[in-house]
Amino acid sequence: MERKPFRISVEKAWRYFCLTYDIVWNATLMLLIAALCLVCFAAGAGAGYFAFLVKDLAVPSPDKMKSEIYSYEETSHMYFANGVYLGRFRSDLDREAVPLSDVSPYVVQAVIATEDEHFYEHDGVVPKAVIRAIFQEGANTPVKSGGSTLTQQLVKNQMLTSEVSFERKAKEMVLALRLERFFSKEEILEAYLNVVPFGRSSSGRNIAGIQAAAQGVFGVDAKELNLAQAAFLAGLPQNPFVYTPFTADGSVKQDVSAGLRRMKTVLRRMKQAGYISDKQYQEALAYDVTKHFAPPKPSPFERYPFLTMEIERRAKEVIAETFAKRDGHSAKEWGRDLALRRRYLGEAEKALRQGGLRIYTTIDKDIYERMQKVAARYPYYGNDNVYYTKDGKTGKTVAHRQPVEVGAMLIENKTGKIISFVGGRDYGREQLNHATQAHRSNGSTMKPLLVYAPAMEMGVIQPGSIIPDLPLSIGSYKPKNADGKTHGLVTARRALQHSYNIPAVRVYTKIQNRHPVDYLHKMGITSVSKQEEANPTLAIGGTHIGVTVEENVNAYATFANYGSFVDAYMIEKITDKDGNIIYQHQTKPVPVFSPQTSYLMIDMMRDVLNGGTASSVRRYLTFSADWAGKTGTSQDKRDSWFIAVNPSVTFGVWVGYDHPAPLESRYKGLSYSQRTQLLWAQFMNAAYGAKPKLIAPPKRFSMPGGIVRRAYCATSGFSPSSACKKAGLVRYDLYNTKFTPRQGSDDYLIEGRVVVIGEHRYAALETTPEEFVTREVVVNPKLLDQWGINRKTSVGDAFVVSTLKDNGRVPAPPAARLNDNQLVWARHGERDVIGYRVYQVSETGKRQIVAIIKAGETTSFSDLKPGATYYVTAVDIAGRESAPSSKVALPAAQSSPPANSPASADNAENSEAPPSSSR
């Protein structure tokens, strides 16, 4: 009885406990169910939201994904001839793709340890990392670890934008999972390492991809990176322009501690991941990477500005044309449709900047570099020229100083390869490429191309043809020779050898209506239009636009190729980054002249170097070869040229001012033409030092069939007549067998009565006194008429006479006087006076002629006798004689020596001597 309250108390407590338990359990169960419902709702909502975010995402095929992840901007590369590396193409970003096998294992380990430690375990996305990132984003925590794997980073860079949004992140995850399904870890890692940015290189250029980073930061290939270097580079992608050690100009930053701290972080994570041992870790920390930064590297543009710009220009042109042909556009469309050209040039530009192309050129590195040194150091260009312009805003006159410029080009004859060129003296001052882009008058270098070779091809002339180098008028145009003289009847060979202008213009007028400009067009000189053909000055380089050095030199190579024009080129081939050929040059020779004409032209141009206008060249050269060439000078000496060919190469040089001005006639003892020829020779000596077999081939130009040696008459160019042989005027030269000297009649040479006045010869009249007449073999005036020679003009040739017009008046008497025991008088002012008679008058008044002085000779007479009186008369072409001049007398001697003295004997001998004449 006494224990009943206790029992009741326990039962009551148990009942309360059970009730409480049930309540707690039910409440907990309800909370769990509610939480589960909430989680399911959240998951469903999240899944729905995720599905909403990616609903517009087009699922790419494996091929499309491959195309996109490997579609990154890659730097193009340029090469000298024979695959010698030149450098990277100009672009905003340097990148060079490499396979994973060519990357140091340290780089792979460093990147995985730092950027994605579970790279080999996940399927593209790490859920806990994503949840952590979502929580950090939702809670707005100050530290956000991020949740992107390497796969996701690759997708973001190559397949999506850098936009920060949940939609982009959702798409990134889906694409990452799909990428992992179709691509191996090695493929993904290789693509990532070739895409990721690494800041700047030691040249100050932006770099991306591990190979460009290894070269740009440490100057080694990616596979040669050591542990410390790999860790340093692996740390850069997190914040490339904070961690990079270089500034925009390529110099090392004053403070690189941020990059070094990041390197230590990478090394620590590599150790924690078990990739490296503690010993390796300590050795890497002790390694001073700053001492191994790559030194500043001048870009190819900085080292070779003219060359890289020319390669860029030509490569863009050939790629654009190749793309146009690929799309079915004809050459005619490409040449005429400007919109089409702009479109494809734009595509070509993009391909060159981003396509990782390989551009192989014909430029010989050694020869090119040697030529640039010659151009920079040559001491005989001449002084700077100053010209003035008016400032459009202020109206003030502004002075401009300009140096003498140079352009040069070396071409291999057979192939058309441009072996080397000189674009100018200083690209920083003047960017115009004077070898390929500057159009200037080519002066007398035009003569072989437009006049002599076409005329020989047409059969109008041959090397031994006679051409009158006599005064010529074509309307108001009167061509003059450089020396201001005429040289009479000359052969085509001699006219070219000494670069006489008048014969070239005469020959051009004979072929003018047969369209000689067509020959220029066949040889690539398209800047001379058909409309210029009517201009006779075109024969000596008087063009509207001018020609480039490349065009001129290329045209001359036609003669070396026995009449076939081979277009010069610089781009050998272009391949894509996989080695597939995009463009390959193909040589297409164009027939222009016959082998016979070409060889005869070569043989004539040999004489230019042998005693002609380029006779100084051979002594400037340090080697010998079978050279044939031509000089050229434009009006007022504004342009100076020399171009020469040998069996292997053709080389030409132009010298002048950018703003046309006369070159100095002499500078440091050399004429302007000698300075040009010396520069040409120094370029060739430098090239010979690099490639002697190319520059100086042992063989000579071989004479083709169809050429013979024949005799001709030096006064007519005809086959020698008996009169020609009798006069000793037979000469020999080479001829095309189709155009050997024709037979001429015997009457083209006659014996004529000639009055010689200095260098000029005039036909004597019937009344001309015989003492003033010379009998010589001369050209029949009928032949002169055939040549269109105006015989009223003084022409000055050994076999050509002209007419001296009789004025119809008796000449005025000369003005004579005694001067230092000599009778002297002034040269007569009337043109038809042909000479003078000197008279001696005796004491009895008897007169006699003591001297005949021809016009052009010294007007004096010194054989005067003491006490005798003298005077002079003038005689004209018609035989009329003037009145006597004033009389003069030499005073008689004061005393006579003894009769038996020597002086007396001499005087007696002189007194008995007959009158003498003096000339």
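The model shown is predicted, which means the values in this text are computed figures rather than measured ones.

(A) Looking closely at the overall build of the chain. For the chain, the helix and strand inventory stands at 29 helices and 33 strands. By the burial criterion, 50% of the 919 residues in the chain qualify as buried. Counting contacts in the chain only where the partners sit at least 6 residues apart, residues at least 24 apart contribute 68% of the total. Here the chain displays about 44300 Å² of accessible surface, and carbon together with sulfur accounts for 52% of that area.

(B) Structural detail: the state of the cysteines. A complete count under the given rule lists 1 disulfide for this structure. Two residues, Cys-713 and Cys-724, share a disulfide whose sulfurs are 2.2 Å apart. Sign of the S-S torsion, about 105 degrees for the bond between Cys-713 and Cys-724, identifies this disulfide as right-handed. Within this pair, whereas Cys-713 is found in strand β22 (residues 707-713), its partner Cys-724 is found in helix α27 (residues 722-726), the two being separated by 11 residues in sequence. There is no split in this pair, since Cys-713 and Cys-724 are both buried.

(C) Fine view of the nonpolar core. Grouped together as the largest cluster of nonpolar side chains are 136 residues, with contacts concentrated most on Leu-307, Tyr-452, Trp-627, Trp-680, Phe-683 and Met-684. At 10 residues, helix α25 (residues 672-690) tops the list of elements feeding residues into this core. Setting aside chain neighbours within four positions, we find Met-684 in contact with Met-371, Leu-410, Leu-621, Phe-623, Trp-627, Phe-651 and Ile-695. Counting residues in each nonpolar core, the second largest holds 60 residues, with Val-107, Leu-175, Val-217 and Leu-227 among its members.

(D) Region of interest: the sheet that holds strand β26 (residues 774-779). The strand order across the open sheet built from 3 strands is β25-β24-β26, with neighbouring strands paired in antiparallel fashion. Each edge of the sheet is formed by a strand with only one pairing partner; in this case those strands are β25 (760-763) and β26. When strand polarity is set aside, the average angle formed by the axes of neighbouring strands in this sheet is 60 degrees.

(E) View of the packing of aromatic side chains. By the definition in use, this model includes 25 aromatic pairs. A ring pair is formed by Phe-119 and Tyr-120, whose centres lie 5.2 Å apart and whose planes are at 70 degrees; its orientation type is edge-to-face. Of the residues examined, Phe-119 reaches a relative accessible area of 0% and is grouped as buried. For Tyr-120, a relative accessible area of 46% gives the class partly exposed. Consider the rings of Tyr-839 and Tyr-871, whose centres lie 5.0 Å apart with planes at 15 degrees: the pair is stacked.

(F) Layout of the sheet that holds strand β27 (residues 816-819). If you walk across this open sheet you meet the 3 strands as β27-β28-β31, and the pairing is antiparallel. With partners counted over all chains shown, the strands left at the sheet margins are β27 and β31 (860-861), one partner each. In the sheet, β27 pairs with strand β28 (residues 822-825) via 4 bridges, with the strands oriented antiparallel. Within β28, the position partnered with Leu-818 by the bridge is Leu-823.

(G) Highlighting unusual backbone geometry. Phi at Asp-636 takes a positive value of approximately 60 degrees, unusual for a residue other than glycine. Position of Asp-636 relative to the elements: it lies in the loop between β17 (628-633) and β18 (639-645). Residue Lys-668 is not a glycine yet carries a positive backbone phi of 55 degrees. With respect to the helices and strands, Lys-668 occurs in the loop between β20 (666-667) and β21 (670-671). By relative accessible area, which is 54% here, Lys-668 ends up exposed.

(H) Quick peek at the side chain of Thr-151. Relative to the assigned elements, Thr-151 resides in helix α5 (residues 150-158). Given a relative accessible area of 0%, Thr-151 falls into the buried group. A polar contact of 2.6 Å, which involves the side chain of Thr-151, links it to the side chain of Glu-180.

(I) Molecular detail of the pairing of strand β6 (residues 358-361). Sheet topology places strand β1 (residues 77-79) next to β6; 3 bridges connect them, and they run parallel. Within β6, the residue paired with His-77 across the bridge is Arg-358. Sheet topology places β6 next to strand β14 (residues 571-575); 4 bridges connect them, and they run antiparallel. Following the sheet pairing, Ile-359 is matched in β14 by Ile-574.

(J) Spatial organisation of the side chain of Ser-104. By the secondary structure assignment, Ser-104 is in the loop between β3 (93-95) and α3 (105-115). Setting aside its immediate chain neighbours within four residues, Ser-104 contacts Ala-222, Lys-223 and Leu-225.

(K) Structural context of the confidence of the model for the chain. Predicted confidence across the chain gives a mean pLDDT of 86, with 86% of residues reaching 70 or more. Under a pLDDT of 50 for its full length, residues 49-55 has, in the predicted model, 11 contacts with residues more than four places off or in other chains. Low pLDDT, under 50, characterises residues 141-146; the stretch is placed with 10 contacts to residues that sit more than four places away or in other chains.

(L) Structural context of the pattern of salt bridges. Evaluated as defined, the whole model comprises 38 salt bridges. The closest approach of N and O atoms between Arg-314 and Glu-310, which form a salt bridge, is 2.8 Å. In this pair, Arg-314 and Glu-310 both sit in helix α14 (residues 305-326), 4 residues apart, roughly one turn of the helix. Residue Glu-310 is classed as buried on the basis of its relative accessible area, which comes to 2%. A salt bridge links Asp-607 to Arg-493; the nearest nitrogen and oxygen atoms lie 3.0 Å apart. Linking Asp-607 in helix α23 (residues 595-609) with Arg-493 in helix α19 (residues 492-497), this pair joins segments that are 114 residues apart in sequence.

(M) Fine view of α3. Among the 11 residues that make up α3, 8 are buried, leaving the element largely enclosed by the rest of the structure. Considered for burial, the residues of α3 that qualify are Val-107, Val-108, Ala-110, Val-111, Ile-112, Ala-113, Thr-114 and Glu-115. Those residues of α3 that are buried are in contact with α5, α7 (185-195), α8 (210-218), α9 (227-235) and α11 (257-272).

(N) Spatial organisation of the packing of helix α18 (residues 446-458) against helix α22 (residues 549-560). Packing of α18 against α22 brings their axes to within 10 Å, and their N-to-C directions diverge by 30 degrees. One way to sum up the angle between α18 and α22 is to call them roughly parallel. On α22, the residues touching Pro-448, Leu-449 and Ala-453 of α18 are Asn-552, Ala-555, Tyr-556 and Phe-559. When grouped by side-chain class, the residues that make up the contact of α18 with α22 number 6 nonpolar, 1 polar and no charged.

Rules used throughout
Once a new chain begins, its residue numbering starts again from 1 and follows that chain's sequence as written. Totals for whole chains, interfaces and linings use every residue, but because this is a predicted model, local features are given only for residues with pLDDT of at least 70 and side-chain atom pairs only at 80 or more, for both listing and counting. Water and hydrogen atoms play no part in the side-chain values, which are based on all heavy atoms of the structure. Starting at the N terminus, helices and strands are each numbered in turn, a helix being any DSSP run of H or I of at least four residues and a strand any DSSP run of E of at least two. Only protein chains enter the calculation, and the probe is 1.4 Å; a residue is then buried if its accessible area is under 20% of its type maximum, exposed if over 50%, and partly exposed in between. In what follows, a contact means two residues having at least one pair of non-hydrogen atoms within 4.5 Å. The accessible surface values rely on the Shrake-Rupley method and a 1.4 Å probe; as for residues, cover is taken only from the protein chains in view. Disulfides are defined as cysteine sulfur pairs within 2.5 Å. What is meant by a nonpolar core is a set of buried Ala, Val, Leu, Ile, Met, Phe, Trp, Tyr and Cys residues, joined one to another through side-chain atoms within 4.5 Å. Two strands qualify as a pair provided DSSP detects at least 2 bridges between them. Only the stretch in contact is used when a helix axis is fitted, and all axes are lines through C-alpha atoms; the angle between N-to-C directions ranges over 0 to 180 degrees. The aromatic pairing rule takes the rings of Phe, Tyr and Trp, using the six-membered ring of Trp, and pairs them if the centres are within 6.5 Å, calling planes under 30 degrees apart stacked, those over 60 edge-to-face and the rest tilted. In the analysis that follows, any N or O atom pair within 3.5 Å is treated as a polar contact, provided that within protein one partner can donate a hydrogen and the other can accept it, and provided that, for residues neighboring in sequence, both atoms belong to side chains. The predictor rates its confidence in each residue with pLDDT, a number between 0 and 100. Definition used for salt bridges: Asp or Glu carboxyl oxygen within 4 Å of a side-chain nitrogen of Lys or Arg. For classification purposes, an angle smaller than 35 degrees is called roughly parallel, one larger than 145 roughly antiparallel, one from 65 to 115 roughly perpendicular, and anything else oblique. Any residue outside Ala, Val, Leu, Ile, Met, Phe, Trp, Tyr, Cys, Pro, Asp, Glu, Lys and Arg is labelled polar, Gly included; the first ten of those are nonpolar and the last four are charged.

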